[in-house]
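As a plain string of letters, each chain reads:
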Amino acid sequence: MKFDTIIIGGGLAGLTAGISLQKEGLKCAIVTTGQNALHFFSGTFESVKEPSQRMTELFSEAGIRVHYSEGVRLMPLGTFSEADLSLEDVSLFPQPKIGRKALVVNLTGYHDFFSSFIAEGLEKQGLECRIRFLSLPEFSPFSAMRSADIARKMDQAWEKVVQEVRLLIKDEDTVVLPQVFGLTDPSVPGRIRQGLPAQVAFVGTMPPSVPGIRTQIQLKKRFEVLGGTYLMGDMVENAHVHDGRVHSVVTKNLDQHYLEADSFILASGGFFSKGLKSNPFEVSEPVFGLDVDFDSDRNTWYNPSFASDQPYMNYGVKTDSALRACRDGVAIENLYAIGSVLGNTRPEFGSGAGLAIRSAFAATDEILKNRKA
Ligand SMILES: Cc1cc2nc3c(=O)[nH]c(=O)nc-3n(C[C@H](O)[C@H](O)[C@H](O)COP(=O)(O)OP(=O)(O)OC[C@H]3O[C@@H](n4cnc5c(N)ncnc54)[C@H](O)[C@@H]3O)c2cc1C
């Protein structure tokens with residue numbers, strides 16, 4: 001099978017690259033193993049701050065609702081964290097004292113939303129809090145359900161939740177709800193806000209992240225609507241590289257059928273997604289055997305203080321100025337590395353979601369420029 005570009009990894013970076021190239025008329029395939037960091041996404045786009053015009057277009061064309069202001073957001077354990085560009089579900093506040101009185105609403109039997117920690121955190125900020133549990137008999141028991149299971153049911157039940165919460169509110173100016181709404185319909189969190197007579201803070205649950213899964217679904221759909229091929233549940237195992245170029249890749253499922261392309265993008269993520277691997281002696285990139293920037297003294301890989309920044313998180317694939325990945329010190333002519341497989345080797349692109357999107361744009365610009373040349 002022959003494509004213009006093959007992308008290895010279907011997370012935020014790979015999908016951004018695929019959408020950008022399909023929009024310009026290239027024929028792309030994304031090969032991706034499975035879950036990616038979006039399934040754990042908080043809803044805030046790290047290191048983006050105010051989105052560029054190009055990012056705004058990417059989001060709006062995929063139907064992804066975002067909003068931007070510099071402020072704080074309420075976290076799952078009741079603490080506050082600085083946040084700016086976020087999905088519309090995430091409530092941004094100018095300061096941690098977000099109101100006067102809060103009603104924290106959980107679902108009876110649901111253990112993945114920490115209402116008492118959240119109430120404690122809000123009380124520390126001077127809010128009075130009440131915790132109440134909603135019982136929706138047609139959906140019980142919630143105890144065995146994860147956020148995504150509940151969200152699937154909530155797509156039909158959210159109006160009933162609004163009615164029930166309205167009955168629970170006394171004189172509270174703030175309602176806190178778990179982030180389990182709008183899995184398939186991004187307008188639902190906004191409609192819940194409109195339906196309640198108090199400001200609403202949706203707060204994250206234990207993974208998977210409902211807004212993150214929705215974002216993944218929307219990006220994948222956009223890529224496929226543009227004509228892209230998304231090969232889910234497959235894995236690129238190795239590649240044919242000679243004369244300084246990648247000619248094809250071999251996947252687990254397609255076995256003898258090589259995937260050929262003019263250019264390739266490695267968007268396989270960091271350690272979490274197995275885009276990078278390590279043993280006691282080295283950090284490596286498993287598909288192409290690319291050069292990885294890491295410290296040869298293993299004792300420097302980590303910081304014994306658990307909460308501190310961990311140096312190994314900075315390790316990543318080495319690239320030239322055009323994001324072409326290097327092997328044995330030489331850039332491979334048609335292989336680009338983007339997203340968290342880069343670690344912190346290219347700080348000019350930022351970190352987290354900012355790195356994923358900006359490096360994807362930069363690599364796709366290079367591919368398009370080289371086609372025209
Ligand atoms: C748990 C977690 C939570 C995070 N939360 C946030 C957040 O809230 N906000 C934020 O800004 N950033 C967050 N980040 C940072 C995150 O890494 C980036 O935001 C971004 O989503 C990374 O995208 P990516 O496409 O580079 O990598 P990933 O999302 O990791 O995607 C890589 C994909 O490649 C696939 N893959 C790997 N190897 C192969 C192979 N050989 N063949 C085929 N497929 C392969 C993987 O299965 C995976 O699906 C988080 C990271 C983690 C690990």
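Calculation criteria
The residue numbering used here restarts from 1 in each chain and proceeds along that chain's sequence as written. Only residues with pLDDT of at least 70 get local features here, since the model is predicted, and only at 80 or more are side-chain atom pairs given and counted; chain-wide, interface and lining totals rely on the full set of residues. Helix and strand assignments come from DSSP, with helices taken as H or I runs of at least 4 residues and strands as E runs of at least 2, each series counted from the N terminus. The globule rule used here is 2.2 Å times the number of residues to the 0.38 power, and the radius of gyration it is set against is calculated over C-alpha atoms. With C-beta atoms placed from the backbone, a residue is labelled by how many other C-beta atoms lie within 10 Å of its own: buried for 20 or more, exposed for 12 or fewer, partly exposed between the two. By the criterion used throughout, residues are in contact when their C-beta atoms, derived from the backbone, lie within 7 Å. To obtain an axis, a line is fitted to C-alpha atoms, over the contacting stretch when the element is a helix, and the angle between two such axes runs from 0 to 180 degrees between their N-to-C directions. Angle categories are assigned with fixed cut-offs, so that under 35 degrees is roughly parallel, over 145 is roughly antiparallel, 65 to 115 is roughly perpendicular, and the rest are oblique. By convention, the crossing between two helices is left-handed when the near helix turns anticlockwise from the far helix through less than a right angle, and right-handed when the turn is clockwise. Domain ranges listed in this record stem from an automatic or a database domain assignment. Three categories are distinguished: nonpolar for Ala, Val, Leu, Ile, Met, Phe, Trp, Tyr, Cys and Pro, charged for Asp, Glu, Lys and Arg, and polar for the others, with Gly belonging to the last. Each residue gets a C-beta atom placed from its backbone. If that atom is within 6 Å of a molecule or strand, the residue is near it. The span one expects for a helix is its residue count, reduced by one, times 1.5 Å. For two strands to be treated as a pair, DSSP must find at least two bridges joining them. As used throughout, a nonpolar core is a set of buried Ala, Val, Leu, Ile, Met, Phe, Trp, Tyr and Cys residues joined through C-beta atoms within 7 Å of each other.

Chemist: Can you tell me about the overall build of the chain, naming the residues and giving the values?
Modeler: For the chain, the count of helices and strands is seven helices and 20 strands. At 22 Å, the chain has a C-alpha radius of gyration in line with the 21 Å of a compact globule built from 373 residues. Overall size of the chain, expressed as C-alpha extent along the three principal axes, is 70 × 45 × 40 Å. Out of the 373 residues in the chain, the part that is buried amounts to 44%. Nonlocal contacts in the chain, meaning residues at least 24 apart in sequence, comprise 68% of its contacts between residues at least 6 apart.

Chemist: Pulling in residues and values, what's your account of the packing of helix α1 (residues 12–23) against helix α6 (residues 210–225)?
Modeler: The relative placement of two packed helices is expressed as an angle between their axes plus a distance between the axes. Between α1 and α6, the least distance of the axes is 9 Å, while the angle of their chain directions is 25°. Here α1 lies roughly parallel to α6, going by the angle between them. The two elements α1 and α6 cross, and the hand of that crossing is left-handed. Contacts between α1 and α6 involve Leu15, Gly18, Ile19 and Gln22 on the former and, on the latter, Leu219, Lys220, Arg222 and Phe223.

Chemist: How would you sum up the domain arrangement of the chain? Please name residues and give values.
Modeler: Splitting the chain by domain gives domain 1 (2–41 + 213–372) and domain 2 (64–207). Computed from C-alpha coordinates alone, the two centres of domain 1 and domain 2 are separated by 34 Å. Its residues placed into classes, the side of domain 1 that touches domain 2 shows two nonpolar, three polar and one charged.

Chemist: Residue-level account of the site of the ligand, with values.
Modeler: The local shell around the ligand holds 35 residues, among which Gly9, Gly11, Gly269, Gly339 and Gly352 are the closest. Within the residue set of the shell around the ligand, elements represented by two or more residues are α1, β2 (28–32) and α7 (352–372). Its residues assigned to classes, the shell around the ligand comprises 16 nonpolar, 17 polar and two charged.

Chemist: Lay out the packing of α1 against α7 in plain terms, naming residues and giving numbers.
Modeler: The geometry of α1 relative to α7 is characterised by a closest axis approach of 8 Å and an angle of 35° between their N-to-C directions. The crossing of α1 and α7 is right-handed. Residues Leu12, Ala13, Thr16, Ala17, Ser20 and Leu21 of α1 form the contact with α7, whose own contacting residues are Ala353, Ala356, Ile357, Ser359, Ala360, Phe361, Ala363, Thr364 and Ile367. The residue makeup of the contact of α1 with α7, split by class, is 11 nonpolar, four polar and no charged.

Chemist: Before we move on, could you go through α7 and cite the residues and values that matter?
Modeler: With 21 residues, α7 ought to run about 30 Å at 1.5 Å a step, and its terminal C-alpha atoms sit 31 Å apart, in line with that. Within the span of α7, buried status applies to Ala353, Leu355, Ala356, Ile357, Arg358, Ser359, Ala360, Ala363, Thr364 and Ile367. Buried residues belonging to α7 abut β1 (2–8), α1, α2 (53–61), β14 (259–266) and β20 (330–337).

Chemist: Could you give an account of the pairing of strand β12 (residues 236–242), naming the residues involved and the relevant values?
Modeler: Strand direction decides the pairing type here: β12 and strand β13 (residues 245–251), joined by six bridges, are antiparallel. What sits directly across from histidine 242, in β13, is arginine 245. Linkage of β12 to β13, two consecutive antiparallel strands, is achieved through a turn of two residues, within which aspartate 243 is found at a positive phi near 55°.

Chemist: Residues and numbers for the sheet that holds strand β7 (residues 101–107), please.
Modeler: Taking strand neighbours across the sheet as the criterion, the four strands line up as β8-β7-β9-β10 in an open arrangement whose pairing is parallel. The sheet is open, and its two edges are formed by β8 (128–134) and β10 (199–203), each paired on a single side. Shown here is a sheet whose adjacent strand axes are inclined to one another by a mean of 25°, direction ignored. Looking at chain direction, strand β9 (residues 174–178) and β10 are connected through five bridges and run parallel. Paired with valine 176 across the two strands is alanine 201, which belongs to β10. With respect to the sheet, helix α3 (residues 115–124) is in contact with β7, β8, β9 and β10, its orientation differing from that of β8 by roughly 165°. This element, helix α4 (residues 147–168), spans β7, β8 and β9 of the sheet and lies at about 140° to β7.

Chemist: If you had to explain the nonpolar core to someone new, which residues and values would you point to?
Modeler: Formed by 103 residues in total, the largest nonpolar core has its most connected members in Ile6, Ile265, Leu266 and Ile338. Of all the elements, α7 adds the most residues to this core, at seven residues. Both domain 1 (2–41 + 213–372) and domain 2 (64–207) contribute no fewer than three residues apiece to this core. If we ignore the near neighbours within four places in the chain, the residues touching isoleucine 6 are Ala29, Val31, Val249, Leu259, Ala261 and Phe264.

Chemist: Could you give me a rundown of unusual backbone geometry, with the residues and numbers involved?
Modeler: Backbone torsion omega between proline 207 and proline 208 reads 5°, so that peptide bond is classified as cis. The residue lysine 49 is not glycine, and still its phi comes out positive at about 55°. Relative to the assigned elements, lysine 49 resides in the loop between β2 and α2. Residue classification places lysine 49 among the exposed positions, given that 12 C-beta atoms sit within 10 Å. Here aspartate 243, not a glycine, exhibits a phi torsion of approximately 55°, which is positive. Tracing the chain through its elements places aspartate 243 in the loop between β12 and β13.

Chemist: Which residues make up the environment of histidine 111, and what values do they have?
Modeler: In this structure, histidine 111 sits in the loop between β7 and α3. Spatially, the C-alpha atom of histidine 111 lies 8.8 Å from that of methionine 145, the residues being 34 residues apart in sequence.

Chemist: How would you explain the environment of arginine 346 if you had to name every residue and give the values?
Modeler: Its place among the elements puts arginine 346 in the loop between β20 and α7. The spacing of arginine 346 and valine 317 is 29 residues in sequence and 9.7 Å in space, taken between C-alpha atoms.

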